[in-house]
Structures are given as C-alpha cells and as structure tokens.
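Fold and contact review
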Amino acid sequence: MAPPQREVRAAHTAATVTVYQAYAPEIGVPAAEAGRFPAAWKRDRMTWVKPSFLWMMYRCGWGTKQGQETVLAVELSREGFEWALRHACLSSYAPGVHPDRTTWQRELRRAPTRVQWDPERDLYLRPLPYRSLQLGLAGEAARRYADEWTVSLTDVTSLAHEIHALVRDGDTDSAARLLPRESPYPGEEELLARLRG
C-alpha cells in the first residue's frame, strides 16, 4: 500500500526525532565534534531540516555538492520538533487551507517555522509519488533549534558515501539495509492537520 501523499516519516525514539542537514566542513565538522552548533552557525537566518535521509541525499548529492560536504544527523527533542510543527505555516499558498492569499502572507510573516512538501526520493534519488517534509526554522525557532532542541549531532557523511557506492555498484539491497529506519511520526496527523496543502 502506498504511503499517504503527505506524511512525516522519520527515525525517532520516545524522546527524539532525527533530521538531516548538510554543511561545509568548516561548520559541519566542528558541530559534530562538539555535539552542538558552534557560535559561527548563523542563528539569525532561515535553516531547513529534513527528516528524510534520502531527500537530504538528493539535496546534497550524497555529500558531494560544494558547501554541503558534511552531512549531519541532528537528533532533536520531540518537544522541540512538535513546537516547530504547531507554529508552522505552509511555505506556499494553498487555496483549500488558507481563506485567501493575503491571510496566508500575513501568517507566513508571523510564523517562526515553515512547512514545505517535496517529492520523496528512492535510492537512485528519483522522485516518488508521495511527499516528505521540509521544515524551515527562522528567528526564535532557529535559535531554539541550535541551543535548546538539539540533543546530539552525528556526522553521517561516511554512511552517505557508503550507501551511494553500493547504489552505484547496483547493490541496492545492501544499500537499503544501511538506510536509517524511518516510520510515520506519532501524532503527525493532528500536528499537521492544517499543513497538508
């Protein structure tokens, strides 16, 4: 059975949820070593996190794109992640969700977080017919993400390269076994009821 058209699928525990980001080594390596974002990480700009490992691989080219060579798995408190979802606005206007474009624009300006739905990817990074969450964090949300919600940071660049090598060699079964185990996030239907677009 195909997954729902829009659903948060993530690696998660009773207390945390894992999202992914990719950075230049000068940010990503010290962050992973310290287990938290360094002072050089810009807390005053929008940052996007992805619960889907394969969508992150699509975005960063398996950790080969310039400025995205270090892939981080960021373990967040579920409390923080859910705060971000509850305070989010869709990143684009959706007629069935917003009464009109002006109302959406007003909500977007006020919201500390944004939800965007992008096609999920397969091991060859081809788009699938269902979508995965991208979560944009700005202002208060970006600061809380960096300084309160982050439980741990792990450099998973070598995992990305290992999976990519297996895919290139045609060993997709072995590649799939190495993927992080992502499943529907508990309570996501309620959290995202107004953000499905």
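Refer to the structure above for everything that follows.
Everything in this summary refers to the structure shown in the same document. Along each chain, numbering runs from 1 in the same order as the chain's sequence is written. Restriction of local features to residues with pLDDT of at least 70 applies here, the model being predicted, together with a cutoff of 80 or more for giving and counting side-chain atom pairs; totals for whole chains, interfaces and linings are based on all residues. Note: side-chain values were computed over all heavy atoms of the structure, leaving out hydrogens and water.

Moving on to the sheet that holds strand 6 (residues 113-121). Here four strands make up an open sheet; going across it, the order is 3-7-6-5 and the pairing mixed. Lying at the two open borders of the sheet, with one neighbouring strand each, are strand 3 (47-49) and strand 5 (88-90). For this sheet, the mean inter-axis angle between neighbouring strands, taken without regard to orientation, is 40°. Pairs of strands are assigned from DSSP output, requiring at least two bridges between the strands. Secondary structure counts use DSSP, requiring at least four H or I residues in a row for a helix and at least two E residues in a row for a strand, with both numbered from the N terminus. Inspection of the sheet shows strand 6 paired to strand 7 (residues 127-137) by eight bridges, in the antiparallel sense. Each residue of the ladder has a partner; that of Asp118, found in strand 7, is Ser132. Note on definitions: a residue-residue contact is assigned when non-hydrogen atoms from the two residues lie within 4.5 Å. Lines fitted to the C-alpha atoms define the axes, with helices restricted to the stretch that makes contact. Angles between their N-to-C directions range from 0 to 180 degrees. Sitting on the sheet, helix 3 (residues 78-86) touches strand 5, strand 6 and strand 7, and the angle it makes with strand 7 is about 100°. Where helix 4 (residues 101-110) meets the sheet, its contacts fall on strand 5 and strand 6, and the angle it forms with strand 5 comes to roughly 145°.

Here we come to the nonpolar core. Buried residues of nine kinds, namely Ala, Val, Leu, Ile, Met, Phe, Trp, Tyr and Cys, make up a nonpolar core once their side-chain atoms join them within 4.5 Å. Accessibility here uses a 1.4 Å probe with only protein chains present; expressed as a share of the type maximum, an area under 20% marks a residue as buried, one over 50% as exposed, and anything in between as partly exposed. Formed by 35 residues in total, the largest nonpolar core has its most connected members in Phe37, Phe81, Val115, Leu135, Leu137 and Tyr145. Counting residues per element, the ones that place at least two in this core are strand 2 (16-23), helix 1 (25-34), strand 4 (70-77), helix 3, strand 5, strand 6, strand 7 and helix 5 (140-149). The residues touching Leu135, leaving out its near neighbours within four places in the chain, are Thr47, Trp48, Val49, Phe81, Ala84, Leu85, Thr113, Arg114 and Val115. Counting 19 residues, the second-largest nonpolar core is a separate cluster that includes Phe53, Trp62, Ala160 and Leu179.

Turning our eyes to something else, we now look at the pattern of salt bridges. Any Lys or Arg side-chain nitrogen found within 4 Å of a carboxyl oxygen on Asp or Glu counts as a salt bridge. Counted according to the given criterion, the structure contains six salt bridges. For the salt bridge of Glu140 with Arg144, the shortest nitrogen-to-oxygen distance reads 3.2 Å. Placement of both Glu140 and Arg144 in helix 5 is noted, with a separation of four residues, approximately one turn of the helix. You can call Glu140 partly exposed: its relative accessible area is 39%. The partner of Arg144 in a salt bridge is Glu148, with the nearest N and O atoms 3.3 Å apart. Taken as a pair, Arg144 and Glu148 lie in helix 5 at a separation of four residues, close to a single helical turn. A relative accessible area of 54% means that Glu148 is categorised as exposed. Ionic contacts of the salt-bridge type, sharing partners, join the residues Glu140, Arg144 and Glu148 into one network.

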